[in-house]
Amino acid sequence: MKKHFILPICALTLLAGCDFLKKEPLTSITPNNFFTSADDAESSITAVYDALQGTGGYGQDLYVAGEMSTDNVTSINGDVNAIQNIAWTPNTSQVNNIFRQMYIGVNRANIVLKYVPNVTMDTTRRSQILGEARFIRGLCYFNLVRAYGGVPLRLLPTESSQPNETNMPRASADDVYNQVVSDLQRAAVQMPASNPNRAGRNAASALLARVQLTRRNWAAAQAAAQTVIARNVPLATPFKSLFPAENKSAESLFEIQYAGTADGGSILPDLMLPLPFATYSFSKFNIPSAELIAFADTVNDRRWAYNGNITSNGAFVGRDHVSYLDATKNRVSGANANDRGPFVFKWTSIGGNFNSTDNSYVLRMAEVYLAYAEAVNEQSGPTQDALDKLNRVRTRAGLSALTLGSPQAATKQSLRDEIDRQRRLELAFEGERWWDLVRYARHTSADASATHTITALDIISRRRAGGARDVNFLTFPIPQAEINTNPQIQQNPGY
């Protein structure tokens, strides 16, 4: 869970205060007086995990960026207008926040990787900590490179404000991806197989499969997914039992942890749920779109089917459709338009003044099965092996198993369409839809025969004035703040 910690950042004085280490107050924090014990090493890796919870990370903006620009959701909230309309600029808040938050994670991981190797402690645990730091650095750089393209590749901590240390040119996207792959491969060796509340080997291999799909390295994606599949990780049943996350299922490979306290709670339920689940009423983020609800089978698909009425404090709120809450007829006393309609229902705990206990999934086993099926299909077309993995996800949802005689498996293209469909329905609202649409666009660009029903370029054409399929908007701009302070960095085309 989220904790306070002492950790040197930049000039080694950014964060201080620790409620679980019994130490005398330090007048200054330096590597010499901090990294002296196993407790210090544990505190430092806790801080690396903590970086993922920030508003610019999985605390908010990665879910906004991953969904609000897509066909999955809509909103009338002005805070997400630029993302929804694909009208982002170098000054858009989410564009700036994600960039900054991911580099906070990178820098904290770099500090661990530099100083923990010299800490006298149990050697096995020390190696595990280094693996966890590499995993999070790889995750942060992956989020950066797929959003912005090539970025400065910082592999040592920034410990001063000197320009020769803070200013770096952009590495190529390939170089960043190669570093991500290297970090994840090393992390998978160093991290434990089982690591409650933290990342383990399966998380590293699952993320590696996602990375290799993004790069269209099909054989490597299949191999990474198979590594996890071979460990017999189960899917949770029923699907509804996955939510809220809260470490309840072996299917969970990596979650962002929240304690629900004033400094350790999730704000997502408050941003997405109506009264009385939310603390107060306002126009919510990530409202499920009518198009998505029409796309889903809300009768037979257990991920979207009616599951019962929802009440809170005795008041009828709406109908639980598992992935979304239908509050169209919300009868809560005083309910206004903000509290009627569909709402995301994968974060279900009452927010408690923007401090929910709900965790957030980053990686889960269903995605691994879908990644495997996609990778096999792209190499060989429909095979029984690919269908076996896809069917694990379909049958858990209450859908019939496909065979090689099924229409969905008639050709590589028809199975590609089915896998795309299942990714959308299975992972809706979990922050991956935009990045799937971007990689679909790049897939077709690289191979004109590989078409997808909808790609990011189709969404860009719908949302952008003039209807142009502007490839520049497949990446975010580099934040203006970074351009202003780092003269060695260049802006992306079109911005």
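The shown structure was predicted, so the numbers you read here are calculated from the model rather than taken from an experiment.

**Some words on the UniProt feature "domain: SusD-like N-terminal" (unreviewed entry) in the chain**
Per the UniProt record, "domain: SusD-like N-terminal" (unreviewed entry) is annotated on residues 43-213. Annotated as 61% helix and 1% strand, the span residues 43-213 places its first and last C-alpha atoms 34 Å apart.

**Focus on the packing of aromatic side chains**
For any pair of aromatic rings, the description rests on two quantities: the centre-to-centre distance and the angle between the ring planes. As enumerated under the stated definition, the model contains 24 aromatic pairs in all. Seen in terms of ring centroids, phenylalanine 135 and phenylalanine 254 are 5.2 Å apart; in terms of plane orientation they differ by 80 degrees. Their pairing is edge-to-face. With phenylalanine 135 in helix α6 (residues 123-148) and phenylalanine 254 in strand β2 (residues 252-256), the pair connects residues that are 119 residues apart, well separated along the chain. Each member of the pair, phenylalanine 135 as well as phenylalanine 254, carries the same accessibility label: buried. Taken together through their ring pairs, the aromatic side chains of Trp88, Phe99, Tyr103, Tyr141, Tyr148, Trp434, Trp435, Phe473, Phe476 and Tyr495 make up a single cluster. Residue placement shows arginine 424 over the ring face of phenylalanine 295; its charged tip is 4.6 Å from the ring centre.

**Considering the nonpolar core**
In this structure, Phe135, Tyr148, Phe254 and Trp434 are the most contacted members of the largest nonpolar core, which totals 128 residues. For this core, the leading source of residues is α6, giving 13 residues. Those residues within four positions of phenylalanine 135 in sequence are excluded, and the remaining contacts are Leu184, Ala187, Met191, Ala199, Ala203, Ala204, Leu207, Phe254 and Leu363. With 11 residues, the next largest nonpolar core counts Ile287, Val317, Leu325 and Ala335 among its residues.

**What to know about the packing of helix α9 (residues 201-214) against helix α10 (residues 218-229)**
Running from N to C, α9 and α10 cross one another at 160 degrees; their axes reach a closest spacing of 8 Å. When the axes of α9 and α10 are compared, the pair comes out roughly antiparallel. Relative to α10, the crossing made by α9 is left-handed. Here Asn202, Ser205, Ala206, Leu208, Ala209, Gln212 and Leu213 of α9 come into contact with α10, specifically with Trp218, Ala220, Ala221, Ala224, Ala225, Thr227 and Val228. Residue composition of the contact of α9 with α10, by class: 10 nonpolar, four polar and no charged.

Reading guide: rules and limits
Residues numbered from 1 in each chain as written. Predicted model: local features only at pLDDT ≥ 70, side-chain atom pairs only at ≥ 80, totals over all residues. Heavy atoms only, no water. UniProt positions renumbered as here; feature names shortened; annotations may be inferred. Helix = DSSP H or I, 4+ residues; strand = E, 2+ residues; numbered from the N terminus. Phe/Tyr/Trp six-rings, centres within 6.5 Å; stacked < 30°, edge-to-face > 60°. Buried < 20%, exposed > 50% of the residue type's maximum accessible area, 1.4 Å probe, protein only. Lys NZ or Arg CZ within 6 Å of the ring centre and 35° of its normal. Core = buried A, V, L, I, M, F, W, Y, C linked by side-chain atoms within 4.5 Å. Contact = heavy atoms within 4.5 Å. Axes fitted to C-alpha atoms, helices over the stretch in contact; angles between N-to-C directions. Parallel < 35°, antiparallel > 145°, perpendicular 65-115°, else oblique. Left-handed = near helix turned anticlockwise from the far one by under 90°. Nonpolar A, V, L, I, M, F, W, Y, C, P; charged D, E, K, R; others polar.

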